[in-house]
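Observations on the three-dimensional arrangement
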Amino acid sequence: MFLNDVSTIFRYGNTFVNRSLADVNVTSAEHYILMYLFQKEEVSQDEIAGYFAVDKGSISKTIHKLDLKKYIEKYANKNNSRENLICLSELGRKTFTKSRELWNEWHSSVMQGVTEEEFRLFTEVLQKMTANARTVIESN
């Protein structure tokens, strides 16, 4: 079944990253947030939760762990005192660089024998399916 295969690849990828990043104490869930912060510079917890379609409580716990590990910096939004903004710390940037290299290694290993055209088509279909799933959830 297609979705089972995608889920299995995702779980294997998480296992690979968790094992590989054990020395820097970063889980795959934390890595995803580090990756997002690397691209966005500074964001609110609500933005992170919305992007990953995860409840705010889960994001809050992960952000708290990253803060304790000194991988991020958190500070009050000057325009909205009820909101914290989050960005990568210098340690977070260094750690992310290592974890990004691991994801690149994982990607290369998983993509062996897959052509660029096959990957492009797969990505296109997956994006459509993601949009459809988001529409279903948002309409209920």
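Look above for the structure.
Attention here is on the structure that accompanies the text. Fair warning: this is a prediction, and the values are worked out from it, not measured in the lab.

**Some details on the overall build of the chain**
On a plain count of helices and strands, the chain comes out with six helices and three strands. Of the regular secondary structure in the chain, the N- to C-terminal order runs α-α-β-α-α-β-β-α-α. Counting every position in the chain, which comprises 140 residues, the buried fraction comes to 29%. Taking as baseline every contact in the chain between residues at least 6 positions apart, the subset at least 24 positions apart corresponds to 56%. Summed over all atoms, the accessible surface of the chain reaches about 9600 Å², with 54% contributed by carbon and sulfur.

**What to know about the pairing of strand S3 (residues 80–88)**
Note that strand S1 (residues 42–44) and S3 share three bridges and pair antiparallel. Note that in S3 the partner of Ser44 across the bridge is Leu85. Here strand S2 (residues 72–77) folds back onto S3 in antiparallel fashion, the turn holding two residues.

**Observations concerning the pairing of S2**
Here S2 pairs with S3 via six bridges, running antiparallel. Paired with Lys74 across the bridge in S3 is Ile86.

**Section: the environment of Ser44**
Within the secondary structure, Ser44 is located in strand S1. Of the residues examined, Ser44 reaches a relative accessible area of 2% and is grouped as buried. It is 30 Å that separates the C-alpha atoms of Ser44 and Glu105, two residues lying 61 residues apart in sequence. In this structure Ser44 touches Glu83, Asn84, Leu85 and Ile86, once residues within four positions along its chain are discounted. A polar contact is formed between the side chain of Ser44 and the backbone nitrogen of Glu47, at a distance of 3.1 Å.

**Points about the packing of helix H2 (residues 28–40) against helix H5 (residues 90–110)**
Packing of H2 against H5 leaves a shortest axis separation of 10 Å and a crossing angle of 110 degrees. Between H2 and H5, the crossing angle belongs to the class labelled roughly perpendicular. Of the residues in H5, those touching H2 at His31, Tyr32, Leu34, Met35 and Phe38 are Arg93, Phe96, Ser99, Arg100 and Trp103. When grouped by side-chain class, the residues that make up the contact of H2 with H5 number six nonpolar, two polar and two charged.

**Quick notes on the layout of surface pockets**
The space that makes up the largest pocket amounts to roughly 1800 Å³. Put simply, the parts of the chain that give the lining of the largest pocket at least two residues each are helix H1 (2–20), H2, helix H3 (45–52), H5 and helix H6 (116–139). No other element matches H6, which puts twelve residues into the lining of the largest pocket. When the residues that make up the lining of the largest pocket are grouped by side-chain class, the tally is 21 nonpolar, eight polar and three charged.

Analysis parameters
- Residues numbered from 1 in each chain as written.
- Predicted model: local features only at pLDDT ≥ 70, side-chain atom pairs only at ≥ 80, totals over all residues.
- Heavy atoms only, no water.
- Helix = DSSP H or I, 4+ residues; strand = E, 2+ residues; numbered from the N terminus.
- Buried < 20%, exposed > 50% of the residue type's maximum accessible area, 1.4 Å probe, protein only.
- Contact = heavy atoms within 4.5 Å.
- Areas by Shrake-Rupley, 256 points an atom, 1.4 Å probe, with all protein chains shown as cover.
- Pairing = 2+ DSSP bridges.
- Polar contact = N/O pair within 3.5 Å; in protein donor to acceptor, adjacent residues only side chain to side chain.
- Axes fitted to C-alpha atoms, helices over the stretch in contact; angles between N-to-C directions.
- Parallel < 35°, antiparallel > 145°, perpendicular 65-115°, else oblique.
- Nonpolar A, V, L, I, M, F, W, Y, C, P; charged D, E, K, R; others polar.
- 1 Å grid on protein atoms, 1.4 Å probe; cavity = no way out; pocket = protein on both sides within 12 Å on 5 of 7 lines; lining within 4 Å.
- Points joined across faces, edges and corners; volume = space filled by probe spheres on them.

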